Amino acid sequence: MRALLVVNPKATTTSGRTKDVLAHALASDLKLEVAATEYRGHARDLARDAAASGTVDLVVALGGDGTVNEVVNGLLAEGPSEHLPRLAVVPGGSTNVFARALGLPNDPVEATGALLDALAAGSERTIGLGRASTEGLPERWFTFTAGFGFDAGVVGRVEQHRRSGRRSTHTLYVNQAVRHYFGERQHRKAGPITLRIPGAEPVEGLVVSIVGNTSPWTFLGNRPVYASPEAGFDTDLDLFGLTRMTLPQTLRMIPQLLDASAAGPRGKHVVAYHDLREFTLHSQETLPFQVDGDHLGERNEVSFSGVRRALRVIV
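The structure displayed is predicted, hence computed values, not measured ones. (Residues numbered from 1 in each chain as written. Predicted model: local features only at pLDDT ≥ 70, side-chain atom pairs only at ≥ 80, totals over all residues. Heavy atoms only, no water.)

Peer 1: I keep staring at the UniProt feature "domain: DAGKc" (unreviewed entry) in the chain and nothing clicks. Help me out?
Peer 2: UniProt records the feature "domain: DAGKc" (unreviewed entry) for residues 1-136 in the present numbering. The straight-line gap between the two end C-alpha atoms of residues 1-136 is 39 Å; of that span, 40% is helix and 26% is strand. (UniProt positions renumbered as here; feature names shortened; annotations may be inferred. Helix = DSSP H or I, 4+ residues; strand = E, 2+ residues; numbered from the N terminus.)

Peer 1: So what exactly am I meant to see when it comes to the packing of aromatic side chains here?
Peer 2: A ring pair, where both rings are aromatic, is described by two values, the distance of the centres and the angle of the planes. By the definition in use, this model includes four aromatic pairs. With a centroid separation of 6.5 Å and 70 degrees between ring planes, the pair formed by phenylalanine 289 and phenylalanine 304 is classed as edge-to-face. Linking phenylalanine 289 in strand β15 (residues 278-291) with phenylalanine 304 in strand β16 (residues 294-314), this pair joins segments that are 15 residues apart in sequence. An identical accessibility class is assigned to phenylalanine 289 and phenylalanine 304; each is buried. One Lys or Arg, arginine 100, reaches over the ring of phenylalanine 219 and ends 3.7 Å from the middle of that ring. (Phe/Tyr/Trp six-rings, centres within 6.5 Å; stacked < 30°, edge-to-face > 60°. Buried < 20%, exposed > 50% of the residue type's maximum accessible area, 1.4 Å probe, protein only. Lys NZ or Arg CZ within 6 Å of the ring centre and 35° of its normal.)

Peer 1: Looking at this model, I keep getting lost on the side chain of glutamate 70. Mind explaining?
Peer 2: With respect to the helices and strands, the residue glutamate 70 is situated in helix α3 (residues 65-75). Despite being buried, glutamate 70 has no salt bridge partner; arginine 40 is the closest side chain of opposite charge, sitting 5.2 Å away. At 3.0 Å, the side chain of glutamate 70 and the backbone nitrogen of glycine 41 are in polar contact. Among the polar contacts listed, one links the side chain of glutamate 70 to the backbone nitrogen of alanine 43, at a separation of 3.2 Å. (Lys, Arg positive; Asp, Glu negative; His and termini not counted. Salt bridge = Lys/Arg side-chain N within 4 Å of Asp/Glu carboxyl O. Polar contact = N/O pair within 3.5 Å; in protein donor to acceptor, adjacent residues only side chain to side chain.)

Peer 1: Hey, could you run me through the side chain of asparagine 96 in this one?
Peer 2: Its place among the elements puts asparagine 96 in the loop between β4 (86-91) and α4 (97-101). Look at asparagine 96 and you get buried, because its relative accessible area is 3%.

Peer 1: Sorry, what's going on with the pairing of strand β5 (residues 124-134) here?
Peer 2: Looking along a regular strand, one sees the side chains alternate between the two faces of the sheet. Direction of pairing for β5 relative to β16: antiparallel, over a ladder of nine bridges. From the neighbouring strand, isoleucine 127 faces β16, where its bridge partner is leucine 311. Pairing of β5 with strand β6 (residues 137-142), which is carried by four bridges, proceeds in the antiparallel orientation. Each bridged residue has a counterpart across the sheet, and for threonine 134 the counterpart in β6 is leucine 137. A loop of two residues connects β5 with β6, the two strands running antiparallel in sequence, and glycine 136 in this loop sits at a positive phi of about 95 degrees. (Pairing = 2+ DSSP bridges.)

Peer 1: Would you explain the layout of surface pockets in this entry?
Peer 2: Picture a little ball the size of a water molecule; that probe, rolled over the atoms, points out where space is still empty. Of the voids in this model, the second largest pocket is the one considered here, and its volume is about 360 Å³. As for the second largest pocket, its lining consists of 15 residues, and the residues nearest its centre are Arg44, Asn73, Pro138, Glu139 and Arg140. Sorting the residues of the lining of the second largest pocket by element identifies α3, β6 and β16 as the ones contributing at least two each. In terms of residue count, β6 provides more of the lining of the second largest pocket than any other element does, five residues in total. In terms of residue class, the lining of the second largest pocket is built from six nonpolar, three polar and six charged. (1 Å grid on protein atoms, 1.4 Å probe; cavity = no way out; pocket = protein on both sides within 12 Å on 5 of 7 lines; lining within 4 Å. Points joined across faces, edges and corners; volume = space filled by probe spheres on them. Nonpolar A, V, L, I, M, F, W, Y, C, P; charged D, E, K, R; others polar.)

Peer 1: How should I be thinking about the nonpolar core in this particular structure?
Peer 2: Considering soluble globular proteins, one finds that nonpolar side chains tend to be buried as a cluster. Membership of the largest hydrophobic core comes to 34 residues, with the highest contact counts inside it found for Val71, Val72, Leu87, Phe98, Leu129 and Leu311. Of all elements in the fold, only β1 (2-7), α2 (42-53), β3 (58-63), α3, β4, α4, β5 and β16 reach the threshold of two or more residues within this core. Discounting chain neighbours no more than four positions away, the residues touching leucine 129 are Val72, Leu76, Trp141, Phe142, Thr143, Asn213, Ser305, Gly306, Val307, Ala310 and Leu311. By size, the runner-up hydrophobic cluster in this structure holds 22 residues, among which are Ala146, Leu287, Phe289 and Val291. (Core = buried A, V, L, I, M, F, W, Y, C linked by side-chain atoms within 4.5 Å. Contact = heavy atoms within 4.5 Å.)

Peer 1: What exactly am I supposed to notice about empty space enclosed by the protein here?
Peer 2: What the rule picks out here adds up to one cavity of 30 Å³ or more. Estimated volume of the largest cavity: approximately 50 Å³. Residue lining of the largest cavity: Phe144, Thr145, Ile210, Val211, Gly212, Thr214, Ser215, Pro216, Trp217, Ala227 and Ser228, and that is the complete set. For the lining of the largest cavity, the leading source of residues is strand β10 (residues 208-212), giving three residues. Among the residues forming the lining of the largest cavity, the class breakdown is six nonpolar, five polar and no charged.

Structural data, given as structure tokens:
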């Protein structure tokens, strides 16, 4: 099997030793090429070239969720196909939601062992993905989540700190979420987002809109966070929204988000949909937009669709 290992050397928990151990282990069973990313979007370019070449059977992403997202978008640059290389993931970021949602260990060495076992057993699954389109940007695939509004604003604040040299940690995300919450007072009771689902009445006034392709939505350390517990790789997209975000309501909702045994957040201000094939989120004012934790600027409207059986993954 011919394989390309795409390494993000700047990922939070990716070290030279991890890369060397993984490359050595994979090279014993595969015809392996190793490529380190050098700029934003490089992982996408490498995966796109691998898919177009027709000579690569497997692309392994070593990095965080951003690296995985770039690799996925490169593989699917021309859309899903039975002839695309398979994807494998070794977690190297701070959160690694996609890898953990697949059931992989969060430790890169343990995940490497699990990957080698899966390759030896020929174990793989075909997963569904989300796709987002908005004016001014190329269509973007996402593996576990997308957001329009509040959560994307938090992602944008975190990215600003990362560009100034801060490491991406769970503490940084929590701190920026709190700061963003208290800085967005005007949207807590009257959200600007309208949800439009074909064949249904529009839902107006959303303060929060989180699109889920799998569950959990994210992690706080080792604690999974469940915005849309029914979301999964075998269905289309889920949507979790709020039409009100006061402090008492937010504090009541936090335990619901952390409760693995519950059916998800609930209450009269919760908007929840499961297994949506397509829908659009619109705002009269520009709002932040993110996919898989990658901030993509501000937009007025984003359209989403679920694509089943989009990609084969070694797991």
